[in-house]
Structures are given as structure tokens and as C-alpha cells.
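Given next are the chains, with one letter for each unit.
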Amino acid sequence: MASTIFTQIPFQSKSSNKFSNTHFVPSFKLPVSLSFKPRIALPKSLRVRAGLIEPDGGKLVDLHVPEIERELKKREAASLPRVKLTEIDVQWVHVLSEGWASPLTGFMRESELLQTLHFNSLRLDDGSFVNMSVPIVLAIDDSQKESVAESNSVALVDSDDELIAILTDIEIYKHPKEERIARTWGTTAPGLPYVEETIKNSGNWLIGGDLEVIEPIKYNDGLDRFRLSPMDLRREFERRNADAVFAFQLRNPVHNGHALLMTDTRRRLLEMGYKNPILLLHPLGGYTKADDVPLSWRMKQHEKVLEDGVLDPETTVVSIFPSPMHYAGPTEVQWHAKARINAGANFYIVGRDPAGMGHPVEKRDLYDADHGKKVLSMAPGLERLNILPFRVAAYDKTQGKMAFFDPSRAQDFLFISGTKMRTLAKNKENPPAGFMCPGGWQVLVEYYDSLTPSEDGRIPEPVPA
């Protein structure tokens, strides 16, 4: 069984002047002509302990209240106005508290939101920039705004009124919903999953400030052992003497084409001179849309992939990335890459249409399939990260296994789409031998079998694995 670890960065976020300078002067960038080639030559100054890249801002933030101060903070919170968090809000508290968004120290104030929306980056006190492409904000309605009144701090509670955190030095400002949606997704078309779930019916105000998180966020779903923080991950990479870390994000089951890409990446890194590159297999664990395979089933399937030897447990760390999913394509993939820097990854594998989805209204993809990897190669604040584009893998009928596509004999290859894979699993049919390890495929069959309509025709809610 593999385990996992990640990191955090501190950063003060006063909206008045911390990020007020909006003039962006990019540091060294790859020429556009090299946009598909990984950034290979890393400056020696970036080769920190165990070969791990430094986190954004120089260190990881940890927003948890020290254990010795927790009771004091709970008493302090009892006298504060309360803001109730949604399930997705709690996921963002989790992300912020562990430093995935370092150097952010809390929900964004207005200056941070505007820089995120318009520049996809934040300017630090020393004039440098860090990438930040998705808003991490907390919405409140008119009545909540009135209840906060002149208070400088608020208590954040979950749906059961349990105290989660205190938000201090707060700033309340207008929630620019249309601007936020248009800038993040590049469209305001109806039907965007995250928008429908989180933004459409949210409050007209945003409240930003610094977080003091009372205790580490736990979900008690049997998967907390996989939820390693950036700092945990860095310690694990150091324990394994990693001199390079390559991250692979996914929100789908792993098939042998994915495995081929990951093992080939390790081979390439060894050829480049690295001695012990470690794979971070990092499934997204926050909000996903209704037709995605639930996290518990995906984790069960990933475990089978390791058990069946498709990936090597000695060179693979499996962990859950706690972020919610936006499905915002080239904008969101920058967030996914930036967060992995904070966890210690200096290589990031990117494929076709990362973080993309079908257009919610028209019958086409929402984003150009190649824009994600092109944007990552040029994104401000990601210059230190080496981008490794996918090679296209498909089922080679002549070899009976997944292989890299050879256009000179295209007739020998079979592309098995996600829709085709789901149809086979629902019908309890087997894919071609060599497409997915048998244990992993059986997990998918069991998942879709759990969704079989009952006698009254109702489709049950997905059951945990």
C-alpha cells in the first residue's frame, strides 16, 4: 500500500497594499516555440533537500491553531458572529489550512480576487509573482453581512454548527458573480457544474480574511489516511530519497494507458540523470460532478492497480488532493500544477483537455484540447515547474496491450473512450485484455452494478466502496 504527502506556504494578504501593485513583469519564460517541451534545466538554487522544489513564497503556510491554544480559540469564537459553511466551503478551508494555496493565508480579499481573475497570479511583497488562477472565496448573503456588522472576526461553522475556524481581519465586498464566472470559465453558459452547485445561488457578498483553523479537517470516511498534507508529502519524498517528483492528477479510474504514461515518464527522468524519481499519483478528492466515479470507488480501484503491480509501490506515492473541481480547463489546470509545487513536485504530467468538460449547451468540448498544456508552459509563476505533455496512448490490437499511438499504422489501434469504458462496465463486459488490470476492472463493474435501478425504477445514490 502506498501513502502520500504535501506542503504549505505562509503569506500575508492585506487587500490594501499587499497585492495592490498590478504591474506584471514576467520572469524568464520559455519561447513559445518550445511550449511543448519540458523545462529541463533547473537552476542549482532550486535543488533543495532531497531534490525538492521550494514552495511558493519560500515556505508553506500552516493555518492550524496550535493544540495548546485550541480551547482559548473556542471560547473566543463563542462570542463572534457565525457564518455557516457549505460542504465545498469546508473543502476550501482544508485546502487553505494545509498550504496547498500557499502563500494564501485565508479566503481572498478583493485585491487578491481581482489579481486572480485578471492576472492568474498574485504579487508578493518582494515584487515576485506566484501563480493563482482560481478564486478561493467565501460567499455570504445579505442577512449574514448584517449579522457580522462591525465585527473584525467571524466564526466559521459547518452544517452541524461545529466550529471549523475563525476568520480574522475580515473584509466584506461585493460578489462579482458574472465577472467571476466569465473570467474563470471563459463563458457564462448555463449548466457549468461548479457554478450551478456553488455560485449561482450563493450570496451577493464575499468575505475575506486570515484563517485560524481549530483542528485538522477530517472526513471520517475511511480515506483520511490518504489525505496527506503538502508537508506530509515532502517528508515522505525525503524519506524515499527522491531527487525528482512527477505529479499525475486524475479524477477517473486508472487504466493501463495511464500507467504506460507514468512508467514512461519515470524512464525519461532516469535517462535525464535523475537517480530516484518518485510518482505522486494524486486523485482529486473534493467536489466532482454527479457523473464522475465517486472518490471511494476510485481509491479502491487505484489500490488494485498497485496490488496488481501495474504501478510500483516503491516508487509511487498515492494521496488525495482535497481541492474541489471547477472543470475550468486551462485556467484550472494552472491551479492543479501550482498546488503540486507546494507539495514538492518539480514535474507535472499534462494530457489532452486537462480539467476540461463538454460544453454545457453545445455538442462540443468547452476548451481546445491542446490549450491546457500550452498555457501551462507559459503561465506566470509556474516557470520553475517542468511540464511533461502526454504522449497519446491507445490499445494496440497487434500486441494486445496499451501502447503509444503510431500514426503510420493507425488501423492497428483502438481508442476506448470513457463512454465506451462505462458502457462495458455497466453491462459487466470485459474490455480487451491488457486495457486495465483485472482487479481494477472488477471494482468498476461493482460500482456500476451498485447503480442498477431498483424494481421501482429508481437509480440509487452511489454507495461508498
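Residues numbered from 1 in each chain as written. Predicted model: local features only at pLDDT ≥ 70, side-chain atom pairs only at ≥ 80, totals over all residues. Heavy atoms only, no water.

Summarise the sheet that holds strand E14 (residues 401-404); cite the residues concerned and give the values.
Either a parallel or an antiparallel arrangement is found when strands of a sheet pair, and the pairing is made through backbone hydrogen bonds. Here three strands make up an open sheet; going across it, the order is E14-E13-E15 and the pairing antiparallel. The sheet terminates laterally at E14 and strand E15 (413-414), the two strands that pair on one side only. Pairing of strand E13 (residues 393-396) with E15 involves two bridges; the strand directions are antiparallel. Paired with Asp 396 across the two strands is Phe 413, which belongs to E15. (Pairing = 2+ DSSP bridges. Helix = DSSP H or I, 4+ residues; strand = E, 2+ residues; numbered from the N terminus.)

Now, about the confidence of the model for the protein: what can you tell me, with residues and values included?
Looking at the protein, pLDDT values average 88 and 86% of them are 70 or higher. Counting contacts from residues 1-50, a segment whose pLDDT is below 50, to residues more than four positions away or on other chains yields 184 contacts. (pLDDT = per-residue confidence, 0-100. Contact = heavy atoms within 4.5 Å.)

Residues and numbers for the packing of aromatic side chains, please.
With the rule as written, the count across this model stands at 11 aromatic pairs. Ring centres of Trp 92 and Trp 335 lie 6.1 Å apart, and the angle between their planes is 50 degrees; this geometry places the pair in the tilted category. Remark: Trp 335 occurs in helix H10 (residues 329-342) and Trp 92 occurs in helix H2 (residues 87-98); sequence separation between them is 243 residues. Ring-pair connections join several aromatic residues into one group, and the members of that group are Trp 92, Trp 100, Phe 321 and Trp 335. Just above the ring of Trp 205 sits the side chain of Lys 174; from NZ or CZ to the centre is 4.6 Å. When the ring centre of Phe 404 is taken as reference, the NZ or CZ atom of Arg 391 above it lies at 3.9 Å. (Phe/Tyr/Trp six-rings, centres within 6.5 Å; stacked < 30°, edge-to-face > 60°. Lys NZ or Arg CZ within 6 Å of the ring centre and 35° of its normal.)

With reference to specific residues and values, describe empty space enclosed by the protein.
Under the definition given, this model contains one cavity of 30 Å³ or more. Considering only enclosed or pocket space, the largest cavity measures out at about 60 Å³ in volume. Looking at the largest cavity, the residues that line it are Leu 261, Asp 264, Thr 265, Arg 268, Ile 349, Leu 388, Pro 389, Phe 390, Arg 391 and Phe 404. Among the elements of the structure, helix H8 (256-271) and strand E12 (386-389) are those that each provide at least two residues to the lining of the largest cavity. Of the residues forming the lining of the largest cavity, the biggest block, four residues, is contributed by H8. Among the residues forming the lining of the largest cavity, the class breakdown is six nonpolar, one polar and three charged. (1 Å grid on protein atoms, 1.4 Å probe; cavity = no way out; pocket = protein on both sides within 12 Å on 5 of 7 lines; lining within 4 Å. Points joined across faces, edges and corners; volume = space filled by probe spheres on them. Nonpolar A, V, L, I, M, F, W, Y, C, P; charged D, E, K, R; others polar.)

Quick rundown of the sheet that holds E12? Include the residues and the values.
The parallel open sheet is built from five strands, whose spatial order is E10-E9-E8-E11-E12. A strand with exactly one partner marks an edge of an open sheet, and here the two such strands are strand E10 (316-318) and E12. In this sheet, neighbouring strand axes are inclined to one another by 25 degrees on average, regardless of whether the strands run parallel or antiparallel. Alignment of strand E8 (residues 244-250) against strand E11 (residues 347-350), held across two bridges, turns out to be parallel. Paired with Ala 247 across the two strands is Tyr 348, which belongs to E11. Lying on the sheet, H10 is in contact with E8, strand E9 (277-283) and E11; it crosses E11 at an angle near 150 degrees. (Axes fitted to C-alpha atoms, helices over the stretch in contact; angles between N-to-C directions.)

Help me get a handle on the packing of H10 against helix H11 (residues 371-378), residues and values and all.
When two helices pack together, their arrangement is given by the angle between the helix axes and by the axis-to-axis distance. Viewed as axis vectors pointing N to C, H10 and H11 meet at an angle of 50 degrees, and their least axial separation amounts to 9 Å. By the angle between their directions, the pair H10 and H11 is classed as oblique. Here H10 and H11 pass one another in a crossing that is right-handed. From H10, Pro 330, Val 333, Gln 334 and Ala 337 reach across to H11, where they touch His 371, Gly 372, Val 375 and Leu 376. (Parallel < 35°, antiparallel > 145°, perpendicular 65-115°, else oblique. Left-handed = near helix turned anticlockwise from the far one by under 90°.)

Break down the pairing of E12 for me, citing the residues and quoting the values.
What you see with E12 is no split at all: Asn 386 and Leu 388 on one side and Ile 387 and Pro 389 on the other are buried throughout. Both E11 and E12 contribute to a ladder of four bridges, which runs parallel. Bridge pairing in E12 links Phe 347 to Asn 386. Regarding topology, H11 serves as the crossover connection from E11 to the parallel E12, and that connection is right-handed. (Buried < 20%, exposed > 50% of the residue type's maximum accessible area, 1.4 Å probe, protein only. Right-handed = clockwise from strand over helix to strand, strands pointing away.)

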